[in-house]
Amino acid sequence: PVEKPQTETQIPDFNRNAIAQITRAVNTEFVNENSKTLNPGKLKLESGLLQIEFFSGATMVLEGPAEIELISAMEVTALSGKMHVKVPETAQGFIVDTGKMQVHDLGTEFAIDMNKPSPEVHVLDGEVEIHHDKKKLKTLLKSDSIAWNNSSESVKNIESREDFISYRQIGQVDNYNHQNRQQEWLSYLNELKSRDDLLLLYDFQQEEDWQRTLQNQAPFGKMEGAIIGAQWSEGRWQGKSALDFKSINARIRLNIPGEYTDMTMACWVRIDSFDRWLSSLLLTDGFKKGSLHWQLSDSGEMILGSKFSDQRNSSFDQVAYNVFSPQVIQLDDMGQWIHIAVVYDHENAKITHYLNGGPIHSEAVAQTQTIVLGNSEIGNWNHHRDNSKDIRSLNGRMDEFLIFSSALSSDEIKNIYAQGKP
């Protein structure tokens with residue numbers, strides 16, 4: 001297919017202003033959920049549990065509803081909600097400002113409850129200092145608890161509490177949530193299996209230790225995938241399996257028979273790095289008439305190439321068409337599960353890329369085609385290797401792959417993402 005010259009690509013960008021990262025989210029609902037990396041600014045959690053790891057080393061668990069303002073990697077303003085903070089030696093001096101009083105950590109664990117009439121501070125381990133108007137008021141040790149005394153502009157001792165979710169306990173809650181998530185997801189897959197337009201459903205569920213095939217769970221049941229080189233690993237939640245494509249030869253071989261006017265492909269993928277100019281999601285053997293090539297560029301673009309003629313022309317552009325999305329996969333997305341989909345819409349003569357349930361880019365195609373895939377590979381390309389540009393091996397994990405013989409709507413893509421979201 002026609003590709004952009006390698007000299008024109010740029011490495012994916014990264015969030016230079018980030019000061020923290022979300023590392024666990026359990027039953028969460030955000031007001032401003034945009035990314036797992038966090039810049040200075042307000043973060044509002046409507047419900048659920050959220051674990052935030054600051055680049056200084058401090059860890060905070062928020063219990064929703066809660067709102068904080070991130071000032072820096074060493075300072076947070078607590079606006080509402082309950083929070084548990086763990087601060088190692090590397091982050092000593094970490095500050096949580098509750099308004100009237102500021103908690104200065106000296107290497108400890110402490111909790112804050114902003115839901116009370118007066119903010120409460122509970123020291124669970126170690127030592128903290130309480131400051132007001134840039135002056136130290138008091139030092140607190142393990143099991144000490146105080147609240148702000150509004151009448152006297154001071155702090156008062158209160159009964160200690162330990163009813164805060166810690167970074168240890170959020171893992172237990174998360175594990176329980178994953179078990180429920182697995183059952184909800186399996187129920188949704190059973191609904192999908194009733195669709196006549198579902199061609200391929202690889203659920204990436206490992207049933208035995210040395211499983212080297214993927215069974216198509218779609219109604220027609222053919223299109224078995226042969227696993228070559230890829231190894232089983234953890235999927236997008238605990239208890240869910242995935243395939244890890246690390247070897248340059250790792251791939252899934254399959255045959256997709258038939259001819260189609262429309263097609264939708266969707267998968268969950270975790271990119272570990274872009275080692276190649278192009279990384280395969282699904283590529284046909286060669287690039288013959290009717291082929292589709294779905295892949296990612298090393299600059300974070302999603303690409304669908306279509307071949308509508310084998311005619312030899314002076315301009316290769318006349319027989320092949322490629323739709324590039326913007327550079328949407330950033331360096332901060334490496335190691336994170338993302339959902340990718342593409343829709344080939346014959347009736348409207350366009351190709352649309354989707355990321356995490358939302359449309360990213362739509363573009364008209366020069367000429368529609370009858371789609372004929374045949375022998376294909378997921379995660380690699382069975383092609384002669386004249387140079388390094390012909391190597392398309394994926395570096396990362398894959399968990400769930402769907403193909404429909406129809407052009408799904410934006411709402412349907414959004415629902416697939418929502419039903420499979422970790």
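The rules we used
Residues numbered from 1 in each chain as written. Predicted model: local features only at pLDDT ≥ 70, side-chain atom pairs only at ≥ 80, totals over all residues. Heavy atoms only, no water. Phe/Tyr/Trp six-rings, centres within 6.5 Å; stacked < 30°, edge-to-face > 60°. Helix = DSSP H or I, 4+ residues; strand = E, 2+ residues; numbered from the N terminus. Buried < 20%, exposed > 50% of the residue type's maximum accessible area, 1.4 Å probe, protein only. Lys NZ or Arg CZ within 6 Å of the ring centre and 35° of its normal. Pairing = 2+ DSSP bridges. Arc of directions from axis to C-beta. Contact = heavy atoms within 4.5 Å. Salt bridge = Lys/Arg side-chain N within 4 Å of Asp/Glu carboxyl O.

Caption draft 1: Fine view of the packing of aromatic side chains. One pass over the structure, following the stated rule, counts five aromatic pairs. Taken together, a centroid distance of 5.9 Å and an interplanar angle of 70 degrees make the contact between W294 and F401 edge-to-face. Pair noted here: W294 is in strand β22 (residues 292-297) and F401 is in strand β29 (residues 396-404), with a separation of 107 residues, a long-range link. Here W294 and F401 have matching classes, each one buried. Lying across the ring of F164, K82 places its NZ or CZ 5.0 Å from the centre. Looking at R212, its charged tip hangs above the ring of W210, at a distance of 4.7 Å from the centre.

Caption draft 2: Broad picture of the pairing of strand β9 (residues 120-125). In terms of strand pairing, strand β8 (residues 109-113) meets β9 through five bridges, oriented antiparallel. Bridge pairing in β9 places A111 opposite H122. The turn linking β8 back onto β9 is made up of six residues.

Caption draft 3: Broad picture of helix α2 (residues 410-420). Taken together, the buried positions of α2 are occupied by I413, I416, Y417 and G420. Looking straight down α2, one finds that the buried residues subtend no more than 95 degrees of arc, so they occupy a single side. Opposite the buried face of α2, at more than 90 degrees from it, the exposed residues are D411 and K414.

Caption draft 4: Here's a closer look at the side chain of T37. Inspection of the secondary structure puts T37 in strand β2 (residues 37-38). On the basis of relative accessible area, T37 is assigned to the buried category, the value being 11%. Excluding residues within four positions of it along the chain, T37 makes contact with N15, A18, A20, Q21 and D332.

Caption draft 5: Representation of the environment of E153 in the model. Within the secondary structure, E153 is located in the loop between β12 (145-149) and β13 (154-157). A relative accessible area of 38% places E153 in the partly exposed class. For the pair E153 and G374, spaced 221 residues apart in sequence, the C-alpha separation works out to 76 Å. When near neighbours in sequence (up to four residues on either side) are disregarded, E153 contacts K100, H132 and W148.

Caption draft 6: Region of interest: the pattern of salt bridges. This model, assessed by the stated rule, comprises 22 salt bridges. A salt bridge links R236 to D399; the shortest N-O distance between them is 3.0 Å. One end of the pair, R236, is in the loop between β17 (231-234) and β18 (241-245); the other, D399, is in strand β29, with 163 residues separating them in the sequence. Given the relative accessible area of 0%, D399 is considered buried. A salt bridge links R270 to D272; its shortest N-O distance comes to 3.0 Å. On the basis of relative accessible area, R270 is assigned to the buried category, the value being 17%. Residue class for D272 comes out partly exposed when judged on its relative accessible area of 21%.

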